There are 2 protein chains.
Amino acid sequence: MNDSTRTVLLVLGVLLAALSVAKLVPAIVDLNSDAQSAHAFLGSAAVTGFVGVTLILMMRGGGRNLTARGAILVTGGSWAVLSVAAAVPLKLAVGDMSWTDALFEATSGMTTTGATVMTNLQDQPAGVLIWRSILQWIGGIGIIVTAMAIWPMLGIGGMQLFRLENSDKSDKALPRAGQIAAAVGIIYLVLTFICFLAYIATDMTPFDAAAHAMTTVATGGFSTHDGSIGAFTDGGSDIVALVFMILSALPFVLYLRAVQGRPDRLWVDPQVRGFLAVAGAAIAVLTVWILVHEPPASGQLPAWRLASVNAISIMTGTGYATADFSLWGGGAVGIFFCLMFIGGCAGSTTCSVKIFRYQIAAGAIGRHIERQARPHVVRPVRYGGKALDPDAVRSVMSFFFIFFATWVVAAALLSLIGLDPVTAISGAATSIANVGPGLGPIIGPAGTFKPLPDAAKWVMIVTMLIGRLEVFTMLVLLTPGFWRR
Amino acid sequence: MNDSTRTVLLVLGVLLAALSVAKLVPAIVDLNSDAQSAHAFLGSAAVTGFVGVTLILMMRGGGRNLTARGAILVTGGSWAVLSVAAAVPLKLAVGDMSWTDALFEATSGMTTTGATVMTNLQDQPAGVLIWRSILQWIGGIGIIVTAMAIWPMLGIGGMQLFRLENSDKSDKALPRAGQIAAAVGIIYLVLTFICFLAYIATDMTPFDAAAHAMTTVATGGFSTHDGSIGAFTDGGSDIVALVFMILSALPFVLYLRAVQGRPDRLWVDPQVRGFLAVAGAAIAVLTVWILVHEPPASGQLPAWRLASVNAISIMTGTGYATADFSLWGGGAVGIFFCLMFIGGCAGSTTCSVKIFRYQIAAGAIGRHIERQARPHVVRPVRYGGKALDPDAVRSVMSFFFIFFATWVVAAALLSLIGLDPVTAISGAATSIANVGPGLGPIIGPAGTFKPLPDAAKWVMIVTMLIGRLEVFTMLVLLTPGFWRR
Ligand SMILES: [K+]
Ligand SMILES: [K+]
């Protein structure tokens, strides 16, 4: 066993040990109220902890080297293995849950997708509900760290643009990546806590506030209520969700810079500006659409509030809903469908294509069109004032192709399994973009994924993992060439 | 006025003069049967001819130079201007046709899309029916010549791969592009005539045979009957259509090579192989789907025949139908939707993305994935045994982005105009890919585009032109920078 493989297994061991500790939370929550659930989480915590600690003991002293192959393996492997480990207590704690459903729910949690196979959430054991939120919360910080520490090194889908070392060469005192990750982790924790307090202030119970704070900051979207955040609008919780979904869609490293005395970085960042511009435009168009086609009656939420909460929820891939926007008519449904494919900023908890890739692609296309008319003018694509390496531009364009190709393949598979076109196409989209709800009566904001055939759920499980790991991570793992020495 | 502009106007004059001559055909056809139609075509032929000849006289002696800007202008300009010139007699000849409808029908013809706003085709003046076929036939040869003579020079969407000079450096005796274009024109004519004879052999009237031969070889899809080619299945005309749609989807320059004694070129061409492989796979999957989900009753066409004719029709963007495949269920609809985005070979009359771009993109993605696992291995993308210029690969990837972005924008606009999602999404797809029918009850194979609001028709008119001219031609024209000196 070489050095890199030992490192991979060591990291996996540490993550499993941590997951085992996390499983104690739902066990404690259900200790006096639901023996089945408490035992499920306690037992599974013991097994997970045993495996994790064994791996740590066997691999400790293993190298600290991580090759590119090792980095891909540790990323893809930990998401897959942790999803399985997270699924076991769900299967054991909930009476009528199949193994497929448990793995779907756990993967949907770990990938912060938020698609659910569970109904009557209000009647489920509290431990199960908090476990779903914890999974998303872990998945959220996991993706921020991966996006800062691993993908830039691999050059996945243009993420090399966000190399920490290169991003601020002027700052010699910059601590190294590990320390930055730890600092960002603290910011994640603080943001979650502030969100928790804000939810409390809008009359949520502490339990609901904690569960929703974790899934808001993770832009995950699991709720404790079938009505999603829409069940809590009386106290204004949807506005809290709106604010914190936006905050969680911005690059977390910029909050660190703000704390370090550079809050101006937030305002000049091209991703932040792009995100806010697209969000503003989407909300404006959607508000007008609602006013024209579905004017809210008195007593209902005003149009701007319906538009902004639901648009930001889908754009950031959170997946909360305060209305069944599937019923708002063609134009609105079209906008929501497009918003699924936008996402937030790189280095946030959001998924999907992300703003910077659209900005870079637009720049590349502009240059290309320019060259068509003036073949002898060659100018580099610029982003945030810097000329881009052609390799990064190529990565971004490849990302688009492979992202949408994966979506089409997933949609085709779901169609062949027998889903109707709207469910198949939107189901594939919501899986690859890790949004949560799809469109239509089955998997729309008012439905669940429970009625789908098992084969469809498996397609979605794989698609969620592919999407969450920026497509290339999983595809590289699935390439035979990767496994050849 | 500079040299290049004079050349552009001279070419436009020649094309208008030719169109004027073409207008005499429907005038003669309707001379004894429909005075309104005959007068419409005669009068419009006179005006078109006058404008064309005037331009020729004013610009003759103008330069033979064509800059890149001029080439873009002449391509985009001629399709737009000829569509307008072709629309006028349609408006005047058909009683209840609006100007928008006439321009929609003419543009749909010139771009070989085949979407129609006309119903009761059997009761329309014969001259109008033959005019629609002539438009597609002109559009078909127009695109082959443009794809051979202009796009390779501009490097539009990777078409630089098909530079005639470079494609066969070993052959010093190769005549120059103009002569090749003329030779390919003769092949186009001969193929149309053989197709005409084959249709006659399947009991079509000479009129129907001529009309369908022109729209088959152009992969255009206009028919003389509301039932499309499905109205002629008794004699087996759908099988003739199948054969000639496939032949028309292959690169015409390879037929020239075959005539020159190199028929082997057809079998080794990567585009031809890719096209046949995809077509075969689609037909196989679709046949199985039909047998499982919609087994044909006795007296109906067999499954393989329904699958192959309709799949090849949509894949090549012809748009004939022998059944309302909208009703075949999710999997089949999904396959047809995907087939819209495939197309045929570059240098044929087909539209859409085209096979070679998928092949090159797959190669580029493969290389990219390879580099993710082995960052230090750098190998070029290869196509047809040759290493590709990175610039060509970039062109291809840009094409994908801009093609699908245009589709999404068109679908969003159609949604906002108020079309339902299926009509909006498939209407945008069928416009950008120049296929013809969409999906759903309104614009599906059994419907027409007539009921759509005018605004939707205008969006589609522009989208058809953008799609037919490989997206970049029109987008460059729409760029303000293009018009600055
Ligand atoms: K989500
Ligand atoms: K067509």
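Treat the numbers as computed from the prediction; the structure is a model and nothing was measured. (Residues numbered from 1 in each chain as written. Chains lettered and ligands numbered in written order. Predicted model: local features only at pLDDT ≥ 70, side-chain atom pairs only at ≥ 80, totals over all residues. Heavy atoms only, no water.)

### Some thoughts on the interface of chain B and chain A
Threshold: In what follows, residue pairs with any heavy atoms lying within 4.5 Å of each other are defined as contacts. Note on definitions: buried area is the accessible-area loss of two parts on being combined, 1.4 Å probe, summed for both. A pair is scored as a salt bridge if a Lys or Arg side-chain nitrogen falls within 4 Å of a carboxyl oxygen belonging to Asp or Glu. In protein, a polar contact means a hydrogen-donor-capable atom and an acceptor-capable atom, both N or O and within 3.5 Å, with residues adjacent in sequence counting only if both atoms are side-chain atoms; elsewhere, any N or O pair within 3.5 Å suffices. Only runs of H or I of at least four residues qualify as helices and only runs of E of at least two qualify as strands under DSSP, and these elements are numbered from the N terminus. Basically, the charged four are Asp, Glu, Lys and Arg, the nonpolar ten are Ala, Val, Leu, Ile, Met, Phe, Trp, Tyr, Cys and Pro, and anything else, Gly included, counts as polar.
Opposite the 45 residues of chain B that make contact, chain A presents 45 residues. Interface area for chain B against chain A, summed over the two sides, is near 3600 Å², with a carbon-plus-sulfur share of 72%. At the surface where chain B touches chain A, the tally comes to 0 salt bridges. One can count 2 residue pairs in polar contact (both at pLDDT 80 or more) joining chain B with chain A. Secondary structure elements with two or more residues in the side of chain B that touches chain A: helix 3 (68-93), helix 13 (270-293), helix 15 (330-340), helix 16 (355-373), helix 17 (390-417), helix 21 (472-477) and helix 22 (480-483) of chain B. No other element matches the 11 residues that helix 17 of chain B contributes to the side of chain B that touches chain A. Of the residues assigned to the side of chain B that touches chain A, the class counts are 27 nonpolar, 11 polar and 7 charged.

### Focus: the pattern of salt bridges
Oppositely charged side chains may form a pair once their charged atoms are brought near each other. Residue and element names in this part refer to chain B. Short version of the rule: Each residue's exposure class comes from its accessible area (1.4 Å probe, protein chains only) as a fraction of the maximum for that residue type: buried when under 20%, exposed when over 50%, partly exposed otherwise.
For the structure on display, the rule yields 16 salt bridges over all chains. Here glutamate 470 makes a salt bridge to arginine 357, at a shortest N to O gap of 2.5 Å. Remark: arginine 357 occurs in helix 16 and glutamate 470 occurs in the loop between helix 20 (454-468) and helix 21; sequence separation between them is 113 residues. We classify glutamate 470 as buried; its relative accessible area is 2%.

### Description of the packing of helix 4 (residues 99-110) of chain A against helix 20 (residues 454-468) of chain A
Residue and element names in this part refer to chain A. Which entries qualify depends on this criterion: All axes are obtained by fitting lines to C-alpha atoms, using only the stretch in contact for helices, and the reported angles, taken between N-to-C directions, cover 0 to 180 degrees. Just so you know how the angles are binned, under 35 degrees is roughly parallel, over 145 roughly antiparallel, 65 to 115 roughly perpendicular, and the rest oblique. By definition, turning the near helix anticlockwise from the far helix through less than a right angle yields a left-handed crossing, and turning it clockwise yields a right-handed one.
Direction vectors running N to C along helix 4 and helix 20 enclose 25°, while the axes themselves pass 10 Å from each other. If you check the angle between helix 4 and helix 20, you find them roughly parallel. Crossing geometry of helix 4 relative to helix 20 is assigned as left-handed. Of helix 20, the residues touching helix 4 (which contributes Thr100, Asp101, Leu103, Phe104, Thr107 and Ser108) are Asp454, Lys457, Trp458, Met460, Ile461, Met464 and Leu465. Its residues placed into classes, the contact of helix 4 with helix 20 shows 7 nonpolar, 3 polar and 3 charged.

### Section: the domain arrangement of chain A
In many analyses, interface size is given as the accessible surface area lost on bringing the parts together. Residues and elements named next belong to chain A. Put simply, the rule is: Marked domain ranges trace back to an automatic or database domain assignment.
As assigned here, chain A comprises domain 1 (1-97) and domain 2 (391-483). For domain 1 versus domain 2, the separation of C-alpha centres amounts to 25 Å. Contact with domain 1, which involves 10 residues of that partner, is made by 11 residues of domain 2. A buried area of about 820 Å², summed over both sides, lies between domain 1 and domain 2, and 79% of it is on carbon and sulfur atoms. Together, Arg69, Ile72 and Trp79 form the three largest contributors to the area buried by domain 1 at its contact with domain 2, with a combined 53%. There are 0 residue pairs in polar contact (both at pLDDT 80 or more) connecting domain 1 and domain 2. Taken together, the residues of the side of domain 1 that touches domain 2 break down into 4 nonpolar, 4 polar and 2 charged.

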